[in-house]
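Take a look at the letters that make up each chain.
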Amino acid sequence: MTEHEGVADGVEANTRTIEASVVTDFSDRMSYGGYLDLPTLLSAQRPISRPEHHDELLFIIQHQTTELWLKLVLHELETARDLLRADELGKALKAVARVKHIQKTLTEQWSVLATLTPAEYAQFRGVLGNASGFQSYQYRAVEFVLGNKNARMLQVFETDPAASAMLRAALETPSLYDEFLRLLARAGYPIPAAILERDVTQAWTFQPELVPVFTEIYQHTDEHWAAYETCEELVDLEDNFQLWRFRHLKTVERIIGSKTGTGGSSGATFLKRALELTFFPELYAVRTEIPG
Ligand code: HEM
Ligand SMILES: N[C@@H](CC(=O)c1ccccc1NC=O)C(=O)O
């Protein structure tokens with residue numbers, strides 16, 4: 001046993017001796033909480049139910065952690081898109097790999113919220129008014145970067161100039177898929193000019209002329225390895241995105257059944273329709289074309 005400032009510690013006391021070299025004076029130094037701005041972060045959970053409902057904190061933290069991860073997803077996808085524009089394919093794939101791990105974390109995270117029962121949620125759902133995840137501008141920006149553009153989604157942000165400006169920029173910027181196709185064209189792949197010059201503010205729709213291009217890539221993978229690998233990474237992104245949507249739907253069904261949403265939609269029925277949206281339809285169509 002060792003003695004430290006008169007307090008017994010060590011193995012017997014089941015405490016750890018703090019080494020003398022450990023820094024304790026932060027009057028003039030960067031600290032953990034200072035660097036991370038914890039006072040701001042940890043004062044941003046403000047339940048509004050009165051009397052305060054125990055489970056509202058879970059609800060808030062589930063959403064805030066999702067928004068934090070979405071901030072990083074957006075940052076990485078924008079970087080990946082810019083790297084594709086600069087013909088830096090390897091670096092772009094590195095960013096996509098990180099996004100895939102975040103998506104898995106976000107999908108897993110639904111199990112925490114699923115511990116909220118219908119009766120518990122009903123006790124504070126009323127205070128949410130018309131607030132809804134439908135108004136998540138970061139979620140919408142991620143959909144836009146992946147190519148599912150929809151100018152009508154900007155309507156709900158009319159009273160939020162910063163969110164509107166951010167989303168309008170995302171709407172008007174070529175998507176990750178647009179930049180991949182442009183990269184393929186620069187590398188000599190026969191991507192039709194009309195696709196390369198498309199109005200990038202419109203939602204991507206299925207382009208049958210691309211399927212033979214991808215079929216060639218998928219049938220002769222050795223000759224087209226970089227393109228092939230990128231295609232499969234994009235399919236992973238879409239697959240992961242759909243899994244998140246599916247878990248959202250199933251969590252919603254178990255908590256509010258088929259009630260209408262606070263955002264004004266039909267609820268689960270509306271969310272089910274999102275499962276039919278697709279980012280990279282040609283990369284799924286190519287599967288049908290592989291002989292065998
Ligand atoms: C008790 C938990 C939840 C319920 C009951 C719920 C319910 C709903 C409903 C009914 C909608 C449709 C829009 C509406 O009319 O409100 C919706 C949309 C949405 N929610 Fe949730 N939600 C829950 C948790 C979450 C969480 C934790 C997130 C994470 C940020 C989230 C993100 C979204 C997004 C992004 C949309 C728009 C989806 C789309 O456009 O397809 N939701 N939610
Ligand atoms: N749309 C949900 C409410 C909801 O989940 C929500 C409310 C405020 C802030 C974020 C939310 N999350 C997802 O929609 C509902 O209808 O119960």
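Sequence positions are assigned chain by chain, starting from 1 and proceeding in written order. Here every chain gets a letter starting at A, and every ligand a number starting at 1, in the order they are written. In view of the model being predicted, local features appear only for residues whose pLDDT reaches at least 70, and side-chain atom pairs are presented and counted only at 80 or more, with totals across whole chains, interfaces and linings using the full set of residues.

Caption draft 1: View of the overall build of the protein. When its secondary structure is counted, the protein shows 14 helices and 2 strands. Our radius of gyration looks at C-alpha atoms and nothing else; its globule reference is 2.2 Å times the residue count to the power 0.38. For 292 residues, the compact-globule estimate of 2.2 N^0.38 gives 19 Å, and the C-alpha radius of gyration of the protein, at 24 Å, exceeds that figure by more than 25%. Overall size of the protein, expressed as C-alpha extent along the three principal axes, is 75 × 50 × 45 Å. Exposure is read from a count of other C-beta atoms within 10 Å of each residue's own; the residue is exposed at 12 or fewer, buried at 20 or more and partly exposed in between. C-beta atoms are placed from the backbone. The buried share of the protein, reckoned over its 292 residues, is 20%. By the convention adopted here, residues are in contact when the distance between their C-beta atoms, placed from the backbone, does not exceed 7 Å. Within the protein, contacts between residues at least 6 apart in sequence are counted, and of these 65% link residues at least 24 apart. Here a helix means four or more residues in a row that DSSP labels H or I, a strand means two or more in a row labelled E, and each is numbered from the N terminus.

Caption draft 2: Summary view of the site of ligand 1. Residues are classed as near a molecule or strand if the C-beta position derived from their backbone is within 6 Å of it. Around ligand 1 sit 23 residues in total, of which Ser132, Gly133, Gly261, Gly263 and Ser265 are the nearest. Within the residue set of the shell around ligand 1, elements represented by two or more residues are α3 (56-85), α12 (225-256) and α13 (268-274). For the shell around ligand 1, the leading source of residues is α12, giving 4 residues. Ten residue types, Ala, Val, Leu, Ile, Met, Phe, Trp, Tyr, Cys and Pro, are classed as nonpolar, four, Asp, Glu, Lys and Arg, as charged, and the remainder, Gly among them, as polar. Classifying every residue of the shell around ligand 1 gives 10 nonpolar, 13 polar and no charged.

Caption draft 3: View of the UniProt feature "binding site: heme" (unreviewed entry) in the protein. UniProt positions are given in the numbering used here, feature names are shortened, and annotations may be inferred rather than shown by experiment. Per the UniProt record, "binding site: heme" (unreviewed entry) is annotated on His248. Counting through the fold element by element, histidine 248 comes out in helix α12. Leaving out residues up to four positions away in the same chain, histidine 248 has contacts with Trp110 and Leu271.

Caption draft 4: Up close: the site of ligand 2. In the vicinity of ligand 2, the residues found are His63, Arg125, Leu128, Ala131, Ser132, Gly133, Ile256, Gly261, Thr262 and Gly263. Here the shell around ligand 2 is composed, by residue class, of 3 nonpolar, 6 polar and 1 charged.

Caption draft 5: Geometry of the UniProt feature "binding site: substrate" (unreviewed entry) in the protein. When the UniProt feature table is mapped onto this chain numbering, "binding site: substrate" (unreviewed entry) sits at Phe59, Ile60, Ile61, Gln62, His63, Tyr121, Arg125 and Thr262. Tracing the chain through its elements places tyrosine 121 in helix α6 (residues 118-125). When neighbours within four sequence positions are excluded, tyrosine 121 is seen to be in contact with Leu116 and Ile255. Mapping arginine 125 onto the fold places it in helix α6. The exposure class assigned to arginine 125 is partly exposed, which follows from the 17 C-beta atoms found within 10 Å.

Caption draft 6: View of unusual backbone geometry. Of the consecutive residues arginine 50 and proline 51, the connecting peptide bond is found in the cis state with omega at -5 degrees. Its location among the elements puts proline 51 in the loop between α2 (38-41) and α3. Its identity is not glycine, yet asparagine 14 carries a phi of approximately 55 degrees, on the positive side. Summarising the element assignment, asparagine 14 is placed in the loop between β2 (7-9) and α1 (32-36).

Caption draft 7: Molecular detail of helix α7 (residues 137-145). Those residues of α7 that fall on the buried side of the exposure criterion are Tyr137, Arg140, Ala141, Val142, Phe144 and Val145. Along its buried surface, α7 packs onto α3, α8 (161-172) and α9 (176-186). With its phi angle positive at about 110 degrees, glycine 147 sits one or two positions after the end of α7.

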